[in-house]
Amino acid sequence: MTAAPDASAPAPAPAPAESIPHFRFFSLEVLRTRRLGRSFLRITFGGASLAEFRSGGYDQSLSLFLPPAGREHTVLPSTDEDTWFADWRGMPGEERPVMRSYTVREQRRTPAGVDEVDIDFVLHGSSSPASSWAGRAVTGRRIMAIGPAVAENKSVRFQPPAATDAVLLYADETALPAAAAILDRLPPGTPVRAWFEVPHEEDRLYLPTPAGADITWIVRDPGTGHERTDRVLDALRTAERPASEAPYAWIAGESATIRAVRRHFVQDCALDRRAVRFTGYWRLGATEEDLLAEAYAGRAPDETPTAAL
Ligand SMILES: Cc1cc2nc3c(=O)[nH]c(=O)nc-3n(C[C@H](O)[C@H](O)[C@H](O)COP(=O)(O)OP(=O)(O)OC[C@H]3O[C@@H](n4cnc5c(N)ncnc54)[C@H](O)[C@@H]3O)c2cc1C
């Protein structure tokens, strides 16, 4: 399957690829916010450094550094490639910016030449740092991010083999921005079967795509825990999938549900496990600090996570 070119991305700088680090720091300034649905807030960021930002599209992710409670802007002690992680971790807890993973919903250059990046935040409560920060974001607030400096980078996980003849997507609300960006870029007519799980009826978004997409919305209201995974599996089991020789599945969302959906595709549907890309975007009851601590248990204190962004 050949991916559609991204007409909105700026042309890459004319430098040899091996001399460019894949990720670097960017300073992002809130330009505007827009409510997309009951749970979704789009924040459009600008900033001079975005001239060097190179989203690879699809599910391109980045890491945001949000100001700690009581601060307006993010200030990092260092953006040096080799030392930032140790410097950031060494900051006193009350001063340390909060690191969180998000998706580049869209990157574009406006006709006026302004580089912009959209990030769609799920508002899931005011006691979690990222959700709370997004809910209070106003024009002019500045944060930092580690994001892509080259379009071909490891934080684009949607990588269908060339022979793929149909795409299966499962996303909960946190992965809907990524699934929407994937739908934006698929070649015209690609058969797609998608299941999108959202908290509320008012979160069903209009998702235009050149692909031939058949979308089932799973509205969770008011399910939680195991109940939510069962509801997703019921929807998957009762659905017809496109006739296909070489399907590719991309699954992202809450970790326990992701594992169950992957098992369904591999065991019940006999999909080749190498053609099932799955990513836990969050875990019920765990903050991103908890997940980072698990991922980095046993590693050197200054080992940077940029390769895993
Ligand atoms: C590669 C990647 C891309 C992602 N892209 C996006 C994106 O584009 N938009 C987006 O909104 N999220 C996205 N996420 C998920 C986001 O990083 C997590 O939801 C993150 O935990 C939010 O941080 P927080 O500070 O609000 O909550 P945390 O402090 O991390 O968590 C606090 C509590 O809230 C719970 N929680 C976390 N997220 C949710 C939720 N959505 N609903 C209900 N409870 C929750 C946790 O289990 C925990 O108990 C992405 C994650 C990854 C790994």
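Provided above is the structure to which this section pertains.
The structure displayed is predicted, hence computed values, not measured ones. (Residues numbered from 1 in each chain as written. Predicted model: local features only at pLDDT ≥ 70, side-chain atom pairs only at ≥ 80, totals over all residues. Heavy atoms only, no water.)

Turning our attention to the site of the ligand. The local shell around the ligand holds 24 residues, among which Arg100, Ser101, His124, Ala130 and Arg283 are the closest. Between the ligand and the protein, one listed contact pairs an oxygen atom with a backbone N or O atom of Ser101 at 2.7 Å. Interatomic distance of 2.7 Å between a side-chain N/O atom of His124 and an oxygen atom of the ligand. A total of 920 Å² of accessible area belongs to the ligand in isolation, and the protein chains cover 88% of it. Those elements giving two or more residues to the shell around the ligand turn out to be β4 (98-103), β6 (115-122), α2 (129-136) and β12 (276-282). Looking at the shell around the ligand, the element that brings in the most residues is β4, giving four residues. There are two domains that each give the shell around the ligand at least three residues, and those are domain 1 (17-148) and domain 2 (166-282). (Near = heavy atom within 4 Å. Polar contact = N/O pair within 3.5 Å; in protein donor to acceptor, adjacent residues only side chain to side chain. Areas by Shrake-Rupley, 256 points an atom, 1.4 Å probe, with all protein chains shown as cover. Helix = DSSP H or I, 4+ residues; strand = E, 2+ residues; numbered from the N terminus. Domains from an automatic or database assignment.)

Quick look at a negative patch on the surface now. Side chains of Asp80, Glu81, Asp82 and Asp87 sit close together on the surface and give a patch of like negative charge. Note that Asp87 resides in helix α1 (residues 84-89). (Patch = residues over 30% accessible without salt bridge, like charges linked within 9 Å, V, L, I, M, F, W, Y side chains within 5 Å. Salt bridge = Lys/Arg side-chain N within 4 Å of Asp/Glu carboxyl O. Lys, Arg positive; Asp, Glu negative; His and termini not counted. Charge placed at Lys NZ, Arg CZ, Asp CG, Glu CD.)

This part is about the sheet that holds β12. Strand order in the open sheet formed by five strands is β10-β9-β8-β11-β12, with parallel pairing between adjacent strands. Strand pairing shows two members of the sheet lacking a second neighbour, β10 (212-219) and β12, which therefore form its edges. Across the sheet, the mean angle from the axis of one strand to that of its neighbour is 10°, orientation sign disregarded. Of the strands in this sheet, β8 (166-171), β9 (191-198), β11 (247-254) and β12 touch helix α5 (residues 255-268), which is tilted by about 160° from β11. (Pairing = 2+ DSSP bridges. Axes fitted to C-alpha atoms, helices over the stretch in contact; angles between N-to-C directions. Contact = heavy atoms within 4.5 Å.)

In terms of residue burial, strand β2 (residues 40-46) counts as a mostly covered element, since seven of its seven residues are buried. Alignment of strand β1 (residues 23-35) against β2, held across six bridges, turns out to be antiparallel. When the sheet's bridge partners are listed, Thr33 is paired in β2 with Ile43. Between β1 and the antiparallel strand that follows it, β2, lie four residues. Looking at chain direction, β2 and β6 are connected through six bridges and run antiparallel. Of the residues in β6, the one forming a bridge with Phe45 is Val117. (Buried < 20%, exposed > 50% of the residue type's maximum accessible area, 1.4 Å probe, protein only.)

Here Ala256 is to be found in helix α5. Given a relative accessible area of 34%, Ala256 falls into the partly exposed group. Here the alpha-carbon distance between Ala256 and Thr229, two residues 27 residues apart in the chain, equals 7.6 Å.

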